[in-house]
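# Per-entry structural report
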Amino acid sequence: MKYLAVCLVLATAPLAAAQDIITASQYFDLVAERYSQVEDYQAKIAITAGKDVMVGTIAFKSPSNLRVDFSDPADQVIAFDGQTLTVDIPGYKAILSQSAAGKAGAGSAGLASREGLKMMKRSYGVAFEKDPTPVPLEDAAGEKAVVLVLTRSTVAEGFKTIKLYVNPESKLIRRMEGWTLSGDKLRFDFRDIATNTGIPASRFLYESPASANVYNNFLFKTEE
């Protein structure tokens, strides 16, 4: 009888191991579920494009409010209150303003949000870079991340490929890399992420300095 018990254990061991295997799509759904619980977040952000690096603080409030206050370039601000995108470039005394009216998707303020992840799920195929095992995060001593690779399935998306580096404990996105159609790479690093701190909607309203020149609808003309 004891030999029969041993045989049963050996026979069911592969099945138990198989049940623990998670697919990339399932892991992505875990990340999306985590972000579905995030009403707002604040973090330190670094945006790298080639040799240029911008550093600041990002604040986000669901569904689409976003604000980035940069320390480098000093005093530069990007703000989106759900209706209007404002970019303050103090070095040129210029305010770039864009109304989101009449543009589907203009309210999607960031990919690292529940709305952004929904968009990714619809428009990208998901795979692990290698497997679900966390790997050391480059340029971040002691940190590890699970790496997901997203490949676009529609030609309408601006990024051809996106890599998400996910903290295995918090399931929050620690780093995001995107490659444009022309092959340019953008990297977004999020540090010291704090979620659900009760950021007020007034945080995302931006009052332009009176001395600045305002350029309206710099991205596209709004529909009448």
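First things first, this report covers the structure right here in the doc. Note that the coordinates shown come from a computational prediction; the quantities given were computed from them, not determined experimentally.

## Overview of the overall build of the protein chain
Secondary structure assignment for the protein chain yields three helices and 13 strands. Partitioning the intrachain contacts of the protein chain with sequence separation of at least 6 by distance along the chain shows that 51% fall at a separation of at least 24. Carbon and sulfur atoms make up 56% of the accessible area of the protein chain, which amounts to about 12,900 Å² in all.

## What about the packing of aromatic side chains?
Across all of its chains, the model carries two aromatic pairs by this definition. Ring geometry for Y41 against F60: centres 5.5 Å apart, planes inclined by 25°, an arrangement best described as stacked. Within this pair, whereas Y41 is found in strand β1 (residues 40–49), its partner F60 is found in strand β2 (residues 52–61), the two being separated by 19 residues in sequence. Here the two residues Y41 and F60 agree in accessibility, since each one is buried. Between the NZ or CZ atom of R175 and the centre of the ring of Y165, over which it lies, the distance is 5.9 Å.

## Here we look at empty space enclosed by the protein
The final tally for this structure, using the stated rule, is one cavity of 30 Å³ or more. Taken as a whole, the largest cavity holds about 60 Å³ of empty space. Y35, V38, Y41, A43, A112, L172, I173, F190, I193 and T195 together form the lining of the largest cavity. Breaking the lining of the largest cavity down by element, the ones donating at least two residues are β1 and β12 (185–195). At three residues, the largest contribution of residues to the lining of the largest cavity is made by β12. When the residues that make up the lining of the largest cavity are grouped by side-chain class, the tally is nine nonpolar, one polar and no charged.

## A look at helix α2 (residues 24–36)
Helical geometry note: an α-helix holds 3.6 residues per turn, so side chains three or four residues apart project in the same direction. Taking 1.5 Å as the rise per residue, α2 with 13 residues should run 18 Å; its terminal C-alpha atoms sit 18 Å apart, in good agreement. For α2, the set of buried residues is A24, Y27, F28, V31 and Y35. One face of α2 carries all of its buried residues, which in axial projection span an arc of 100°. Buried-residue contacts for α2 involve α3 (114–123), β7 (124–128), β9 (144–152), β10 (159–166) and β11 (173–180).

## Considerations on the packing of α2 against α3
At a minimum axis distance of 9 Å, the contact between α2 and α3 shows a crossing angle of 155°. The orientation of α2 with respect to α3, classified from their angle, is roughly antiparallel. The interaxial crossing formed by α2 with α3 has left-handed handedness. Here α2 contributes S25, F28, D29, V31, A32, Y35 and S36 to the contact with α3, which in turn contributes R114, L117, M120 and K121. Residue classes in the contact of α2 with α3 are distributed as six nonpolar, two polar and three charged.

What counts and what doesn't
Residues numbered from 1 in each chain as written. Predicted model: local features only at pLDDT ≥ 70, side-chain atom pairs only at ≥ 80, totals over all residues. Heavy atoms only, no water. Helix = DSSP H or I, 4+ residues; strand = E, 2+ residues; numbered from the N terminus. Contact = heavy atoms within 4.5 Å. Areas by Shrake-Rupley, 256 points an atom, 1.4 Å probe, with all protein chains shown as cover. Phe/Tyr/Trp six-rings, centres within 6.5 Å; stacked < 30°, edge-to-face > 60°. Buried < 20%, exposed > 50% of the residue type's maximum accessible area, 1.4 Å probe, protein only. Lys NZ or Arg CZ within 6 Å of the ring centre and 35° of its normal. 1 Å grid on protein atoms, 1.4 Å probe; cavity = no way out; pocket = protein on both sides within 12 Å on 5 of 7 lines; lining within 4 Å. Points joined across faces, edges and corners; volume = space filled by probe spheres on them. Nonpolar A, V, L, I, M, F, W, Y, C, P; charged D, E, K, R; others polar. Expected span 1.5 Å × (residues − 1). Arc of directions from axis to C-beta. Axes fitted to C-alpha atoms, helices over the stretch in contact; angles between N-to-C directions. Parallel < 35°, antiparallel > 145°, perpendicular 65-115°, else oblique. Left-handed = near helix turned anticlockwise from the far one by under 90°.

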